[in-house]
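What follows is each chain in one-letter form.
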Amino acid sequence: MTVPVVEAAEALDAGQTRLAHQLYSRALQEADDARSRADALEGLGRVAYESGRPREAVALLDEAAALADGGIFARPVLAQILGLCLAQLGELERATLVLDECRRRAQREGDVVEEIGFTCLVSYALTDRGKFAEAEEVLVQAQAAGEQIDDPVVRARLLCAEARLRGEQGLTAIAAERALAALELLRTTDEHRLLALTHELLASLYIDLGRPDEALSLLRDAWPMLISHATLLQVVHFRIEEARALAARGELEGAAAVAMRVAAQLDGTMPADAGRAYALLGDIFAELGEPLRARTLYETAITLLQRQGPNRYLAAAYKRLGELFEAEYRTAEDAVVVLQRALAIQELIDSSIGAAA
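Residues numbered from 1 in each chain as written. Predicted model: local features only at pLDDT ≥ 70, side-chain atom pairs only at ≥ 80, totals over all residues. Heavy atoms only, no water.

Draft legend 1. Geometry of the pattern of salt bridges. For the structure on display, the rule yields 29 salt bridges. Its salt-bridge partner being glutamate 30, residue arginine 26 comes within 3.2 Å of it at the nearest N-O pair. With arginine 26 and glutamate 30 both in helix H2 (residues 17–30), this residue pair falls four residues apart, about one helical turn. Take arginine 26: its relative accessible area is 40%, and that puts it in the partly exposed class. With a relative accessible area of 48%, glutamate 30 lands in the partly exposed category. (Salt bridge = Lys/Arg side-chain N within 4 Å of Asp/Glu carboxyl O. Helix = DSSP H or I, 4+ residues; strand = E, 2+ residues; numbered from the N terminus. Buried < 20%, exposed > 50% of the residue type's maximum accessible area, 1.4 Å probe, protein only.)

Take a look at the structure:
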């Protein structure tokens, strides 16, 4: 590894993305063999990921993988970031394949900690695709492997993955218990970013449980821990939950302002998160008595969310759009079609939950 690459990695770990980009670019110019070029391209891909440019990151990481000795799976960090970027872009099937192959490789090599880390990421991708039974299966395997490791961070990651799965299944109270347990474990560590993200996860669940004041308190506690090393995706998730908490407290104008900034910031990337932001805006403007604007926002949300497959946010957006059609006295057929679509999606989710039980 050349000196510029080492310095760039240190700069990136310190949150100095601009300096890291300059150093990795210099390393790429100076690279005189395939390995050095792959190192520099991987670094530039990491910078693009941290800076909120997942499409650019995928292109750079794919190029690095093509040059790397042993391919993508010989570089777990590259594979992990590639999987995360693909998930952000809505390419969940490929993301799952990449992350699951990394999980299997770590399993074959006997690296239990790395296996569990990738298992959690696979679980997230499967959960986002509505494949709850498969997510449950890989988590059960990881939990069995994790029994031999007395590491609070590893245990917390598993608890967070389970909390995310239970939350998407609608088992919100159980999910909140798991997230709170993870939070208590992480308070004993120096994993500040993961601690902040667990605050956000618990806040999201508290909103669903009708506890927005506690949720907002958690988010405000987490922000100083998160902001210094947050990726764009992490900031987006945080801001969406902030907007949801404000809306649940009745602070609709403040919630709308936050959600509109999020939607504008995404600019064609992260369709699932953009869809959630537009659906939230639809809720807000429906509450403010602007049904036409709300309908347009729900339709935009549905277009984005359906790229992810059946999920509770998509079902809710269809249901609310159907209710708006009824309230506007559009034809009964319009409302019925939309509400039937919501019911069909919910049935798919319920069947996945049943399979996971």
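Draft legend 2. Representation of the side chain of threonine 198 in the model. Along the chain, threonine 198 falls in helix H11 (residues 192–208). Here threonine 198 falls in the buried class, since its relative accessible area comes to 1%. Leave out the neighbours within four places in its chain, and threonine 198 touches Cys160, Ala179, Ala182, Leu183 and Leu186. (Contact = heavy atoms within 4.5 Å.)

Draft legend 3. Structural view of the nonpolar core. Within the largest apolar cluster, 56 residues are counted, with the highest numbers of intra-cluster contacts made by Leu202 and Ile284. In terms of residues, this core owes the most to one element, H11, which gives nine residues. Each residue touching leucine 202, except ones within four places of it in the same chain, is listed here: Ala176, Ala179, Leu180, Leu183 and Leu218. Leu99, Cys120, Ala135 and Ala161 belong to the second largest nonpolar core, which has 52 residues in total. (Core = buried A, V, L, I, M, F, W, Y, C linked by side-chain atoms within 4.5 Å.)

Draft legend 4. Here's a closer look at the confidence of the model for the protein. On average, residues of the protein score 86 in pLDDT, and 89% of them are at 70 or above. Element-level mean pLDDT values for the protein span from 56 in helix H18 (residues 332–356) up to 97 in helix H10 (residues 172–186). (pLDDT = per-residue confidence, 0-100.)

Draft legend 5. The arrangement of the state of the cysteines in detail. All chains considered together, the criterion is met by zero disulfides. We note that cysteine 160 lacks a disulfide partner, and the nearest cysteine sulfur, in cysteine 120, lies 8.2 Å from it. (Disulfide = S-S within 2.5 Å.)

Draft legend 6. Main features of the packing of helix H13 (residues 232–248) against helix H14 (residues 252–266). Look at H13 against H14: their axes get within 8 Å of each other, and the N-to-C directions meet at 160°. By the angle between their axes, H13 is roughly antiparallel relative to H14. Every pair of crossing elements has a handedness; the one defined by H13 and H14 is left-handed. The segment H13 lies against H14, with Leu232, Val236, Arg239, Ile240, Glu242, Ala243, Leu246 and Ala247 engaging Leu252, Gly254, Ala255, Val258, Ala259, Val262, Gln265 and Leu266. Looking at the contact of H13 with H14 residue by residue, the class counts come to 12 nonpolar, two polar and two charged. (Axes fitted to C-alpha atoms, helices over the stretch in contact; angles between N-to-C directions. Parallel < 35°, antiparallel > 145°, perpendicular 65-115°, else oblique. Left-handed = near helix turned anticlockwise from the far one by under 90°. Nonpolar A, V, L, I, M, F, W, Y, C, P; charged D, E, K, R; others polar.)

Draft legend 7. Representation of helix H4 (residues 54–67) within the structure. Helix length check: H4, at 14 residues, gives a terminal C-alpha distance of 20 Å against a target of 20 Å (1.5 Å per residue), a fit within 8%. The inward-facing, buried residues of H4 contact helix H3 (34–50), helix H5 (76–88) and helix H6 (92–108). (Expected span 1.5 Å × (residues − 1).)

Draft legend 8. How the structure looks around the side chain of aspartate 128. Within the secondary structure, aspartate 128 is located in helix H7 (residues 112–128). Those residues within four positions of aspartate 128 in sequence are excluded, and the remaining contacts are Leu92, Arg164 and Gln308.

Draft legend 9. Region of interest: the packing of H11 against H13. Between H11 and H13, whose axes approach to 10 Å, the crossing angle comes to 30°. Here H11 is positioned roughly parallel relative to H13, judged by the angle of their axes. Pair H11 / H13 crosses with left-handed handedness. Contacts between H11 and H13 involve Arg193, Leu197, Glu200, Ser204, Ile207 and Asp208 on the former and, on the latter, Gln234, His237, Phe238, Glu241, Arg244 and Ala245. Looking at the contact of H11 with H13 residue by residue, the class counts come to four nonpolar, three polar and five charged.

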